[in-house]
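Secondary and tertiary structure notes
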Amino acid sequence: MASPETLQKLKERFPEAEISEFRGQHRAVVPAGIVHDVLKFLKEDVGLALIIDITCVDYLYYPNAKDRFGVVYIVGHPETAERMIIKTFVNDPQPTLPTVTDLWEGANWLEREVWDMFGIRFEGHPDLRRILLPEDFQDHPLRKDYPLQGRGERHNIPVVTRDLG
Amino acid sequence: MTDLPDNVVITKLDALVNWCRKNSLWPMPFATACCGIELMATGASRHDIARFGAEVFRFSPRQCDLMIVAGRVVMKMMPVLQRIWLQMHEPKWCISMGACASTGGVFDTYAVVQGIDRFIPVDVYVPGCPPRPEQLLQAIIDLQEKIQREGTASGREAFRRRQPPRALVEDPRNPRLVVAGPPLFASSGNDPASDRPAGSETSAT
């Protein structure tokens, strides 16, 4: 959870952030345009200097959802173990966010994973390639409109028979 | 025949060679999941795969003749599995251990191959999730029986499988994969498989 001072500082600096609490975890929903500024502020001025995770949620078919993708940043304080969740929403076509690799080198692979699985493009990322799936994979399989059993990728492998050796 | 002393046994060379081969299987453990733990238990002292002559696990395919695929194989791993299979020397066999390797198991998802036998040859399937070591031992006993019945000393069945010898080239569709290319040599007439009598062709397993 985040300390009251952190929440107060965030509220003063970014009044548009919607801060809420659920079971002791604090979350701030911010517009996509300022998410980089918010994270930079938290890192440099508040001390939440550790990027713990970047992940994404696809709200397609979700009841009462207004936006398609929710991108979630979890930042932590290396000394007080304070934790804060920053969430923002992006939409089709071509959901795009600014990269945070300029703030954290470690965000490199996290953003690559989000790109691989959800197809969120991170502007300014130094090396936005797939990280888990094969490079020639065409889709982003954790999107809700991607079928669970795939589009034939698992069957599209050449066959090795006994007569090959 | 009456001149033969009592301590001489006459047998077919094929039977003798098969007897040697089946009791000295060298497994290549391709363990990707929990089946690999049972595979290790099979190799450990309690179940003791050495009773069947298959205790020499080697991690180089060049030294193995039995591939045991233990666990689920994803589409990204399949080219690796195929390359290892192609690197093994004849005669060679393959055991598909467990529900995932044989059918994909519960992992009916976009990335998991629904049975390795779609893409490489398999001799024996072991059901179970994961199978107990006894089941794997039974699979090895069954494979030994198969080797004793079907093998030949000169590996004629292996030559029959790979006629004509072909170069391995990169797949143009998928550069990470090796596939059979054009024939290596023009037909020279001295192919070991070509001296068998006409009509002796049987289906390779």
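Above this text you will find the structure in question.
Right, let's walk through the structure included here.

Rules used in this analysis
- Residues numbered from 1 in each chain as written.
- Chains lettered and ligands numbered in written order.
- Predicted model: local features only at pLDDT ≥ 70, side-chain atom pairs only at ≥ 80, totals over all residues.
- Axes fitted to C-alpha atoms, helices over the stretch in contact; angles between N-to-C directions.
- Helix = DSSP H or I, 4+ residues; strand = E, 2+ residues; numbered from the N terminus.
- Parallel < 35°, antiparallel > 145°, perpendicular 65-115°, else oblique.
- Left-handed = near helix turned anticlockwise from the far one by under 90°.
- Contact = placed C-beta atoms within 7 Å.
- Nonpolar A, V, L, I, M, F, W, Y, C, P; charged D, E, K, R; others polar.
- Pairing = 2+ DSSP bridges.

**Describing the packing of helix H1 (residues 13–22) of chain B against helix H5 (residues 133–150) of chain B**
All names here are of chain B.
- Running from amino to carboxyl end, H1 crosses H5 at an angle of 160°, the nearest separation of the two axes being 8 Å. Put simply, H1 runs roughly antiparallel to H5. The way H1 lies across H5 gives a crossing that is right-handed. Each of Asn18, Trp19, Arg21 and Lys22 in H1 lies in contact with H5, whose residues at this interface are Gln144, Ile147 and Gln148.
- For the contact of H1 with H5, a count of residues per class yields two nonpolar, three polar and two charged.

**Some words on the packing of helix H2 (residues 35–43) of chain B against H5(B)**
Residues and elements named next belong to chain B.
- Two elements in contact, H2 and H5, have axes whose closest approach is 9 Å; the angle formed by their N-to-C orientations is 75°. With respect to each other, H2 and H5 are oriented roughly perpendicular. Across the interface between the two elements, Glu38, Leu39, Ala41 and Thr42 of H2 pack against Pro133, Leu136 and Leu137 of H5.
- Looking at the contact of H2 with H5 residue by residue, the class counts come to five nonpolar, one polar and one charged.

**Considerations on the sheet that holds strand E1 (residues 27–31) of chain B**
Residue and element names in this part refer to chain B.
- Here we have four strands laid out as an open sheet, ordered E1-E2-E3-E4, and parallel in their pairing. With one partner strand each, in any of the chains shown, E1 and strand E4 (124–126) form the two edges of the open sheet. Sheet twist, expressed as the mean angle between neighbouring strand axes with direction ignored, is 15°.
- Pairing between strand E2 (residues 66–70) and strand E3 (residues 93–97): five bridges, direction parallel. Its bridge partner being in E3, Ile68 is matched across the sheet by Ile95.
- Most of the contacts of H2 go to E1, to which it runs at about 150°, and overall it touches E1, E2 and E3.
- Of the strands in this sheet, E3 and E4 touch H5, which is tilted by about 170° from E4.

**What about the interface of chain B and chain A?**
- Counting residues at the interface gives 23 residues for chain B and 16 residues for chain A.
- Here the side of chain B that touches chain A takes four residues from helix H3 (residues 78–87) of chain B, the largest share from any one element.
- Partitioning the side of chain B that touches chain A into residue classes produces 15 nonpolar, three polar and five charged.

In short, shape yes, function no, at least from these values alone.
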